[in-house]
Amino acid sequence: MNFKTMTAMALALSAYSTAPAFAADLPEAQKAAIVQTVEGDAEQIGSTALAIWGFAELGYQETQSSALLQSDLRNAGFEITAGVAGQPTAFVASFKNGEGPVIGILAEFDALPGLSQAVSPVEETLGGHAGHGCGHNLFGTASSYAAIAVREWMIANNIKGEIRLYGTPAEEGGSAKAFMVRDGLFNDVDVALHWHPGSSNDASQGTTKANVSGKFRFYGTSSHASGAPDRGRSALDAVESMNYMVNMMREHVHEATRIHYVITDGGKAPNVVPNFAEVYYYVRHGDPMTVLDVVERVKKAAEGAALGTGTRYEFQQIGGVYSMMPNGTLMEVMDRNLRYSGTLSWTPEENAFATEIQKTLATQPPLSSVGEIRPARLSFDGGGGSTDVSDVSWVVPTVGLSTATFVPGSAGHSWQNVAAAGHSIGVKGTVLATKALALTAAELFVSPETITAATAELHERRGADFVYRPLVGDGPPQLDYRK
Ligand SMILES: [Zn+2]
Ligand SMILES: [Zn+2]
């Protein structure tokens, strides 16, 4: 079955009636104990999250961040396998208590380039080269401490099965999880859980955009730009010609397509004809097949640009991820446990910080919204960005949530988000996410019928003859993509 058919099927099944709501099988005393464990760990959750915020390490270079999470998990009694799927900073932490369900929790921890920012309500660089503008310092920490809380609950109640924490690097463009899926690391997992820092509390599940990314490198001939221009062939001319053609192409691709680029090397001095230039592209669409089609056309633009400018080019693919597969059965479980976990309340100081941040934003939604939980919705509009969680979601029933760790009205990947992710408001949202993840995992361990229903829903949505074909191809992870 091709991707178009699969997507059509997913859309057709969007009205799939989710399985009947299962009773929350976890006794009240056990739920309360899990919440209490997380609250007891809140201080440590804060210190780990803020330490990773300070490391602010880029994709596949998260040595300290990965080591800190591994150390927290090891100290809590997990067995660690580090350096999985050809990625030195990836790891799997496991606690197994006999045979039973295998629940995986995903933990990200990479930062974004160029987003260094102080914990300040005004734009203020720390002089570093990276910052946690997507809040992955919070992401990795909540997931790890949820696994730790689940382990304690399993021991206290002799629950059979395995809780597994996946330390997943390089989400921002590195597609690390796609390589992990390709290499079989999720083959025996029954359900995968994740979350994401956000500006509201919400267990909605929705599709995302598939994405293929890569770098086009052009090689020309250098010469004195004024003394001997006729002997030069400019690699920057090739990049500009390619970009021009791709920008014209925007009119002739499906309107839901997204194409973005940055020129990562455009030469060094105006008086030297650049013999090297590089441009880094993303192509996105809800349908992975459309992405592959457009990427081929972008490559043709590169070829034409090289031909016309007397240069040559090469293409290095960096990432490739699917569109997200939502699961309604699991959404109900996550939503119920988020509601059990409570909401957020900010101190007057936290509100003042958020109010100052909002002065820099185009919109100022009420801060009181962080004390609410939005209704959970299953959506198939393919909005927003892309994530390598998607690849997991096509092979294992997967569910996530977001909690309010950022100031309402902030944009993703912004300095405002870096500031909030290093602040106590970020930590509070992280503790809330830890509770919801731990409770959801625990409920799934004792509710095999929910796992069966979630798996059946995944199989229906993706189609009977679905075979996972990684968009990252056959090669190794591009460990140097941020260098
Ligand atoms: Zn991001
Ligand atoms: Zn993110």
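Residues numbered from 1 in each chain as written. Chains lettered and ligands numbered in written order. Predicted model: local features only at pLDDT ≥ 70, side-chain atom pairs only at ≥ 80, totals over all residues. Heavy atoms only, no water.

1. Description of the coordination of the zinc ion (ligand 1)
Here is step 1: For the zinc ion (ligand 1), the full set of protein donor atoms is Cys134 (SG), Glu172 (OE) and His413 (NE2), and the range of their distances to it is 2.0 to 2.3 Å.
Here is step 2: Between consecutive donor residues of the zinc ion (ligand 1), the sequence gaps follow C-x37-E-x240-H.
Here is step 3: The metal-metal distance between the zinc ion (ligand 1) and the zinc ion (ligand 2) is 3.2 Å, with Cys134 serving as a donor to both. Highlighted residues: Glu172 in the loop between strand S6 (161–168) and helix H6 (176–182) and His413 in the loop between strand S16 (402–404) and helix H12 (415–421), separated in sequence by 241 residues. (Donors = N, O, S within 2.8 Å, 3.2 Å for Na, K, Ca; no water. Helix = DSSP H or I, 4+ residues; strand = E, 2+ residues; numbered from the N terminus.)

2. Here's the deal with unusual backbone geometry
Here is step 1: The backbone of Ala56 shows a phi angle near 40 degrees, a positive value even though the residue is not glycine.
Here is step 2: Among the secondary structure elements, Ala56 is positioned in the loop between helix H3 (42–55) and helix H4 (63–75).
Here is step 3: The class of Ala56 is buried, set by a relative accessible area of 10%.
Here is step 4: For Ala85, which is not a glycine, the phi torsion comes out positive at approximately 55 degrees. (Buried < 20%, exposed > 50% of the residue type's maximum accessible area, 1.4 Å probe, protein only.)

3. Focus: the coordination of the zinc ion (ligand 2)
The reference angle at a metal is 109.5 degrees if four donors form a tetrahedron and 90 or 180 degrees if six donors form an octahedron.
Here is step 1: Ligation of the zinc ion (ligand 2) by protein atoms is provided by Cys134 (SG), His136 (NE2) and His196 (NE2), these donors lying 2.0 to 2.3 Å from the ion.
Here is step 2: Spacing between the donor residues of the zinc ion (ligand 2) along the chain follows C-x1-H-x59-H.

4. Examining the sheet that holds strand S10 (residues 210–219)
The strands making up a sheet associate through hydrogen bonds between their backbones, and the pairing can be parallel or antiparallel.
Here is step 1: One open sheet holds the four strands; their spatial order is S11-S12-S10-S13, and the pairing between them is antiparallel. Each edge of the open sheet is held by one strand with a lone partner, namely strand S11 (258–265) and strand S13 (312–321). The mean inter-strand angle of the sheet, taken between neighbouring strand axes irrespective of direction, is 20 degrees.
Here is step 2: Pairing geometry for S11 and strand S12 (residues 276–285), over seven bridges, is antiparallel. Paired with Val262 across the bridge in S12 is Tyr280.
Here is step 3: Sitting on the sheet, helix H7 (residues 235–249) touches S10, S11 and S12, and the angle it makes with S12 is about 20 degrees.
Here is step 4: Sitting on the sheet, helix H8 (residues 288–309) touches S10, S11, S12 and S13, and the angle it makes with S10 is about 10 degrees. (Pairing = 2+ DSSP bridges. Axes fitted to C-alpha atoms, helices over the stretch in contact; angles between N-to-C directions. Contact = heavy atoms within 4.5 Å.)

5. Section: the environment of Gly77
Here is step 1: Mapped onto the elements of the fold, Gly77 is located in the loop between H4 and strand S1 (79–82).
Here is step 2: For the pair Gly77 and Arg469, spaced 392 residues apart in the sequence, the C-alpha separation amounts to 35 Å.
Here is step 3: Residues within four places of Gly77 in sequence aside, it is in contact with Phe95 and Arg151.

6. Digging into the packing of aromatic side chains
Here is step 1: On inspection of all chains with the given rule, the structure shows 15 aromatic pairs.
Here is step 2: A ring pair is formed by Tyr166 and Phe186, whose centres lie 4.2 Å apart and whose planes are at 20 degrees; its orientation type is stacked. Residue Tyr166 is found in strand S6, and its partner Phe186 is found in the loop between H6 and strand S7 (191–193); the two are separated by 20 residues along the sequence. No difference in accessibility class separates Tyr166 from Phe186, as the two residues are buried.
Here is step 3: Ring-pair connections join several aromatic residues into one group, and the members of that group are Phe216, Phe218, Tyr261, Tyr281, Tyr313 and Phe315.
Here is step 4: Against the face of Phe95 rests Arg151, its NZ or CZ located 4.9 Å from the ring centre.
Here is step 5: The ring centre of Tyr219 lies 4.3 Å from the NZ or CZ of Arg312, which sits over that ring. (Phe/Tyr/Trp six-rings, centres within 6.5 Å; stacked < 30°, edge-to-face > 60°. Lys NZ or Arg CZ within 6 Å of the ring centre and 35° of its normal.)

7. A word on a nonpolar patch on the surface
Here is step 1: A grouping of Tyr244, Met245 and Met248 is seen on the molecular surface, where their side chains present a nonpolar patch of about 320 Å² in accessible area.
Here is step 2: Inspection of the secondary structure assignment puts Tyr244 in helix H7. (Patch = residues over 30% accessible without salt bridge, like charges linked within 9 Å, V, L, I, M, F, W, Y side chains within 5 Å. Areas by Shrake-Rupley, 256 points an atom, 1.4 Å probe, with all protein chains shown as cover. Salt bridge = Lys/Arg side-chain N within 4 Å of Asp/Glu carboxyl O.)

8. Structural notes on the environment of Gly384
Here is step 1: By secondary structure assignment, the location of Gly384 is in the loop between strand S14 (378–379) and helix H11 (389–395).
Here is step 2: Under the relative-accessibility criterion, Gly384 is labelled exposed at 62%.
Here is step 3: Measuring from C-alpha to C-alpha, the distance between Gly384 and Gly286 comes to 10.0 Å, with 98 residues separating the pair along the chain.

9. Comments concerning the pattern of salt bridges
Here is step 1: Under the counting rule described, the total for this entry stands at 16 salt bridges.
Here is step 2: Across the salt bridge formed by Lys268 and Asp265, the nearest N and O atoms sit 3.2 Å from each other.
Here is step 3: You can call Asp265 buried: its relative accessible area is 17%.
Here is step 4: Notably, a salt bridge pairs Asp335 with Arg339, separated by 3.1 Å at the nearest N-O pair. Highlighted residues: Asp335 and Arg339, both in helix H9 (residues 328–341), separated by four residues, approximately one helical turn.
Here is step 5: Judged by relative accessible area, which is 39%, Arg339 ranks as partly exposed.
Here is step 6: Overlapping salt bridges, with partners in common, bring together Glu108, Lys177 and Asp388 in one network.

Keep in mind these values describe shape, not function.
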